[in-house]
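Each chain, written out:
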Amino acid sequence: GTSYRYISKKVAEMTNGEARKVVVCHIGSGASLCAIEDGKCMDTTMGLTPLDGVMMGTRCGSIDPAIVTFIMKNEGFTPDEMDNYMNKKCGFLGVTHGYSSDSRDLEKSIRENDEHRADAVKATSVMAYQIQKFIGSYTAAMNGLDAVVFTAGMGENNPELRERVCTNMEFFGIKIDSEKNAKAHHQSDVVELSAPDSRVKVFLIPTNEELMI
């Protein structure tokens with residue numbers, strides 16, 4: 001909540017208040033998205049817990065509820081064991097068959113074409129696809145979209161993820177400047193990543209939860 005509040009205020013400053021409908025992608029080892037309209041949260045991928053939403057480093061994200069009882073019956077898991085499984089053994093770690101929960105390892109495998117590349121491609125593609133779907137649904141919920149913001153560990157420092165998310169999103173008016181995006185990581189300030197002809201602004205904004213607190 002503190003991260004989203006900071007980002008919301010920063011976007012308003014950057015756009016002189018013109019970006020009224022914003023989707024913030026807080027993507028780290030834990031990940032969530034938030035639809036913000038006129039500075040107010042309209043929807044978020046988080047549910048009762050942060051486990052809901054997109055796939056994460058070790059968390060499964062949104063799944064068919066029947067999967068829970070199916071796995072418990074087949075694996076003999078207790079409720080606590082199932083909770084631990086969904087929170088600590090799924091996500092990137094699960095899709096890559098235990099290789100890694102860290103996106104840096106996955107991107108390295110893809111670049112170097114090593115033995116984990118196929119699983120790494122699958123895991124990173126699934127996350128990007130899920131983020132795209134939430135951006136689409138939140139655009140519908142707000143009846144418009146003025147800006148998309150990437151923040152947190154992967155959002156700020158993983159250009160490949162941002163490129164995947166913003167690819168084939170022209171229908172929503174999202175076009176990223178690939179060259180500028182590739183150079184944007186470990187930034188200390190805001191970077192606008194949108195292409196000149198993008199109807200929707202795309203920003204990298206380092207979050208500052210401590211400042212808000």
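Structure's up top.
Residues numbered from 1 in each chain as written. Predicted model: local features only at pLDDT ≥ 70, side-chain atom pairs only at ≥ 80, totals over all residues. Heavy atoms only, no water.

1. What about helix α8 (residues 159–166)?
- Listed in full, the buried residues belonging to α8 are Pro159, Leu161, Arg162, Val165 and Cys166. Looking down the long axis of α8, one finds its buried residues gathered within 160° of arc, a one-sided arrangement.
- A side-chain oxygen of the first residue of α8 lies 3.2 Å from the backbone nitrogen of Glu160; this N-cap is Asn158.
- The first or second residue beyond α8 is Asn168, which carries a positive phi of 60°. (Buried < 20%, exposed > 50% of the residue type's maximum accessible area, 1.4 Å probe, protein only. Helix = DSSP H or I, 4+ residues; strand = E, 2+ residues; numbered from the N terminus. Arc of directions from axis to C-beta. Polar contact = N/O pair within 3.5 Å; in protein donor to acceptor, adjacent residues only side chain to side chain.)

2. Digging into the sheet that holds strand β6 (residues 201–204)
- Ordered by their spatial adjacency, 6 strands build an open sheet running β3-β2-β1-β4-β6-β5, and the pairing between neighbours is mixed. Each edge of the sheet is formed by a strand with only one pairing partner; in this case those strands are β3 (40–44) and β5 (191–192).
- As paired elements, strand β1 (residues 21–27) and strand β4 (residues 147–151) share 5 bridges and run parallel to each other. Across the sheet, residue Val22 finds its bridge partner in β4, namely Ala147.
- Sitting on the sheet, α8 is in contact with β1, β4 and β6, with an inclination near 155° to β4. (Pairing = 2+ DSSP bridges. Contact = heavy atoms within 4.5 Å. Axes fitted to C-alpha atoms, helices over the stretch in contact; angles between N-to-C directions.)

3. Quick word on the pattern of salt bridges
- Within the structure shown, the criterion is met by 9 salt bridges.
- The shortest N-O distance in the salt bridge between Arg104 and Asp102 comes to 2.7 Å.
- According to the relative accessible area criterion, Asp102 is partly exposed, its value standing at 24%.
- We note a salt bridge from Glu107 to Arg164, for which the minimum N-O separation is 2.8 Å. Placement of Glu107 in helix α5 (residues 103–112) and of Arg164 in helix α8 is noted, with a sequence separation of 57 residues between them. (Salt bridge = Lys/Arg side-chain N within 4 Å of Asp/Glu carboxyl O.)

4. A closer look at α5
- Those residues of α5 that fall on the buried side of the exposure criterion are Ser103, Leu106, Glu107, Ser109 and Ile110. Along the long axis of α5, the arc covered by the buried residues comes to 155°, so they all point the same way. Of the exposed residues in α5, the ones pointing more than 90 degrees away from its buried face are Arg104 and Arg111.
- Those residues of α5 hidden inside the fold are in contact with α4 (91–95), α6 (117–142), α7 (152–157) and α8.
- Of the residues trailing α5, Asn113 is marked for its positive phi of about 55°.

5. With respect to the environment of Gly39
- Take Gly39: it is sitting in the loop between β2 (31–37) and β3.
- Remark: the alpha-carbon pair of Gly39 and Val22, spanning 17 residues in sequence, is separated by 8.7 Å.

6. Section: the pairing of β6
- Sheet analysis places β4 next to β6, joined by 4 bridges and oriented parallel. Bridge pairing in β6 links Phe150 to Leu204.
- Pairing between β5 and β6: 2 bridges, direction antiparallel. Note that in β6 the partner of Val191 across the bridge is Leu204.

7. Details of the packing of α5 against α8
- Following both chains from N to C, one finds α5 and α8 inclined at 80°, their axes separated by 10 Å at the closest point. As summarised for this structure, α5 and α8 are arranged roughly perpendicular, according to the angle between their axes. Within the contact between the two elements, α5 uses Glu107, Ile110 and Arg111 and α8 uses Glu160, Leu161 and Arg164.
- Of the residues in the contact of α5 with α8, the class split is 2 nonpolar, no polar and 4 charged. (Parallel < 35°, antiparallel > 145°, perpendicular 65-115°, else oblique. Nonpolar A, V, L, I, M, F, W, Y, C, P; charged D, E, K, R; others polar.)

8. A look at the side chain of Ser100
- By the secondary structure assignment, Ser100 is in the loop between α4 and α5.
- Ser100 sits in the buried class, given a relative accessible area of 6%.
- In terms of polar contacts, Ser100 uses its side chain to reach the backbone amide nitrogen of Asp102, at 3.0 Å.
- When residues no more than four places from it in sequence are discounted, the contact partners of Ser100 are Phe92, Leu93, Asp105 and Leu106.

9. Digging into unusual backbone geometry
- Of note, Asn16 is a non-glycine position whose phi angle comes to about 55°, a positive value.
- By secondary structure assignment, the location of Asn16 is in the loop between α1 (2–14) and β1.

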